Amino acid sequence: MRRLSRWAGAALVSALLGACSPGTGVDRGLSKDGSGVVAAIAGEPDQLDPHRTSSYFSFEVLENTFDTLVEPDENLTMRPALAERWKVSKDRLTWTFTLREGITWQDGSKFGADDVVYSYRRIIDEKLGNAWRFEGIEHISAPDDSTVVLELDKPIYNLLSRIGGHKGLAIVNKKNVESGKIKTHPVGTGPFSVDDYNPGESVRLKANSRWWGGTPEIPSLTFRFIPEPTTAVADLEAGEVNWTDNIPPQQVERVSQNQDLKLDTAVGNDYWYLATNQKREPFGDPRVRRAIAYGIDRKAIVQATQYGNATVNQLAIPKTNPWHTAYSPYSHNPRRAAKLLAAAGVRDLKIDMLVTKEYPETVTAGQVIASQLEKIGVTVKPREVDFATWLDKQSKGEFDMLMLGWLGSQDPEDFYYAQHHTKGDFNFQKYSNSEVDRLLEEGQEETEKKARKKRYAEAARKIADDASYIYLYNPDVVQAWAPQLKGYKARSDSAVRFRDVGLTG
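Since the structure is predicted, the reported quantities are computational estimates derived from the model, not experimental observations.

(A) Layout of the sheet that holds strand β4 (residues 83-88). Pairing is antiparallel across the open sheet formed by four strands, whose spatial order is β4-β5-β7-β6. Of all the strands in the sheet, just β4 and β6 (137-144) have a single pairing partner and so form its edges. Going across the sheet, the axis of each strand differs from the next one's by a mean of 20 degrees, ignoring polarity. With five bridges joining them, β6 and strand β7 (residues 147-152) adopt antiparallel strand pairing. Looking across to β7, one finds that His-139 is bridged to Glu-151. In this fold helix α2 (residues 113-125) packs onto β5 (94-99), β6 and β7, with an angle of close to 160 degrees to the strand it touches most, β6.

(B) Highlighting the packing of aromatic side chains. Summed over all chains, the structure comprises 24 aromatic pairs. For the pair Trp-95 and Phe-97, a centre-to-centre distance of 6.4 Å together with 20 degrees between the ring planes defines the contact as stacked. Overall, Trp-95 belongs to the buried group, its relative accessible area being 3%. Relative to Phe-498, the ring of Phe-223 has its centre 6.3 Å away and its plane inclined at 75 degrees; by these criteria the two rings are edge-to-face. Of the two residues, Phe-223 is situated in strand β10 (residues 220-225) and Phe-498 in the loop between β19 (485-486) and β20 (502-503); the sequence distance between them amounts to 275 residues.

(C) Main features of the pattern of salt bridges. Within the structure shown, the criterion is met by 30 salt bridges. Measuring nitrogen to oxygen at the nearest pair gives 2.8 Å for the salt bridge that ties Arg-438 to Glu-442. Here the residue Arg-438 and the residue Glu-442 both occupy positions in helix α13 (residues 434-445), the gap between them amounting to four residues, near one helical turn. A relative accessible area of 32% means that Arg-438 is categorised as partly exposed. The exposure class of Glu-442 is partly exposed, given its relative accessible area of 27%. With a closest N to O distance of 3.8 Å, Glu-446 and Arg-455 form a salt bridge. For Arg-455, a relative accessible area of 23% puts it in the partly exposed group. Within the structure, one salt-bridge network assembled from shared partners comprises Glu-63, Glu-71, Lys-167, Arg-497 and Arg-499.

(D) Fine view of the nonpolar core. Counting residues in each nonpolar core, the largest one holds 67 residues, and the members touching the most others are Tyr-273, Leu-274, Ile-296, Ile-369 and Tyr-416. Looking at this core element by element, the count peaks at six residues for helix α10 (residues 360-374). Discounting residues that sit within four places of it in the chain, Tyr-416 has contacts with Leu-315, Ala-316, Ile-317, His-421, Leu-440, Tyr-456, Ala-460, Ile-463 and Tyr-471. Core analysis: the next-biggest nonpolar cluster, separate from the first, contains 31 residues, Phe-59, Val-203, Trp-481 and Phe-498 among them.

(E) Representation of the pairing of β7. Of all the six residues making up β7, five are buried; the element is thus mostly covered by neighbouring parts of the structure. With five bridges connecting them, β5 and β7 associate as antiparallel partners. Counted as the bridge partner of Trp-95 is Leu-150 from β7. Here β6 folds back onto β7, and the loop between the two strands holds two residues.

(F) Representation of α13 in the model. Over its 12 residues, α13 runs 17 Å from end to end, which matches the ideal 16 Å to within 8%, given 1.5 Å per residue. Within the span of α13, buried status applies to Val-436, Asp-437, Leu-439, Leu-440, Gly-443 and Gln-444. Buried residues of α13, seen end-on, are gathered within an arc of 165 degrees and therefore sit on one face of the element. Packed against the buried residues of α13 are α3 (159-164), α12 (412-420) and α14 (449-465). Its side-chain oxygen placed 2.9 Å from the backbone nitrogen of Glu-435, Asn-433 serves as the N-cap of α13.

(G) Spatial organisation of the packing of α12 against α13. Contact pair α12 / α13: the axes reach a minimum separation of 10 Å and the direction vectors enclose 140 degrees. Our classification of the angle between α12 and α13 gives oblique. Handedness of the α12/α13 crossing: left-handed. Seen from α12, the contacting residues are Glu-413, Tyr-416, Tyr-417 and His-420; seen from α13, they are Val-436, Asp-437, Leu-440, Glu-441 and Gln-444.

(H) Structural context of unusual backbone geometry. Omega for the bond connecting Glu-281 with Pro-282 falls within 30 degrees of zero, at 10 degrees, which places this linkage in the cis form. With respect to the element layout, Pro-282 can be found in the loop between β13 (271-276) and α7 (286-295). Notably, Asp-348 is not glycine yet its phi reads approximately 50 degrees, a positive angle. Its place among the elements puts Asp-348 in the loop between α9 (334-343) and β15 (350-355). One non-glycine residue, Lys-430, lies in the positive phi region at around 65 degrees. For Lys-430, the position within the fold is in the loop between α12 and α13.

Scoring rules and cut-offs
- Residues numbered from 1 in each chain as written.
- Predicted model: local features only at pLDDT ≥ 70, side-chain atom pairs only at ≥ 80, totals over all residues.
- Heavy atoms only, no water.
- Pairing = 2+ DSSP bridges.
- Helix = DSSP H or I, 4+ residues; strand = E, 2+ residues; numbered from the N terminus.
- Axes fitted to C-alpha atoms, helices over the stretch in contact; angles between N-to-C directions.
- Contact = heavy atoms within 4.5 Å.
- Phe/Tyr/Trp six-rings, centres within 6.5 Å; stacked < 30°, edge-to-face > 60°.
- Buried < 20%, exposed > 50% of the residue type's maximum accessible area, 1.4 Å probe, protein only.
- Salt bridge = Lys/Arg side-chain N within 4 Å of Asp/Glu carboxyl O.
- Core = buried A, V, L, I, M, F, W, Y, C linked by side-chain atoms within 4.5 Å.
- Expected span 1.5 Å × (residues − 1).
- Arc of directions from axis to C-beta.
- Polar contact = N/O pair within 3.5 Å; in protein donor to acceptor, adjacent residues only side chain to side chain.
- Parallel < 35°, antiparallel > 145°, perpendicular 65-115°, else oblique.
- Left-handed = near helix turned anticlockwise from the far one by under 90°.

This is how it looks when you write it as structure tokens:
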């Protein structure tokens, strides 16, 4: 799942730097009626149907309104959610989930096992974006109102993260879906329900007194759509909003020094990368791709795009993830890059690089990369298009090189299979390596963690050696809020959860 950037203004210089100095005394009371929390997010959800959206802004809202059968805790370990427990057969082919008792939908109607079966069948039968997560699941049934059984045709090590890793696998209400209201007024089982939606402005949620985890302490939660990051920060400092993740990277240090605010960071599971079109010459030659990998300076790219608020990485998975593999085959070595190009017989290479303002990191990085590769005789011409055009060009293979980020998850399969297996749904660069395919397939089937990690580590090293993707960095998750919010914490999976937040003052 691709995502929208949290930082939509790397190159912008804030006129507010002097106006809002650290320590400015401001009344940071909560929402105007004193009853709830106002959160500033960088964009408006495209819709609120968790099965059909891929927008990060949608999931910021949906994280608080829907539940999954299981879910990751702050350490990204899968825990009970709608299911209070589960058991696995000895052959690991049958998973039986027992639902909590007394769960109701936010409209008061009864929730049951048939709702889980309906939700999963909807994703599979309508071939929605997360249908691939059910590959290997032969049958889904509800033998009674509190039991859900998944029968597999092969053991799946990461079944729990597949069905609970994010809210795209949420359990939805059939009546709400069939009425079409789920797009703007969804009915979930989560801690908050949608109370009011003002297109272009905000969506207001209210605490769900029926939630199985207990009524949230904050009575309401309003997400305001504020695309301009300097405005979001100014509103936070003025007490107009109480939380934001839309912070310009160049202002992170200043905001962190503001004693009237709290700021938290976490190494994110997201990653950013370059990909070249291997169906176009000369990018089918791995020596050319490796030359680009040696020709770029990742630290300089991180500084230019993220003002240092990111960690350079030459693989996808960050060092804080238990599936991380330490591997850095490429130094910034223009001389070696030039030799690789010469060995490949490539001279005066010109690269058409897709960038988009909707991901401003790509525009900034395009300029930096063009300057870096010029030193090895490569001319990079960043071509700026809107993101819809960017996606169309990517899917049709109409590019030489592109840059984008990927929302990482908990399991290594999420980081590598769809992007680098020959038959992967997101392998737009058309990479193919039979040895990598074998390792990724074995990783899916392996049930012993140590052996599984070995498979994925070997696959990841080969992917880097072949420069299928030229990995750049893992951006930090950076969020700031008023000190009256107690119990909030930035998470490495970027999930925005307000259900356990309390208020003081």
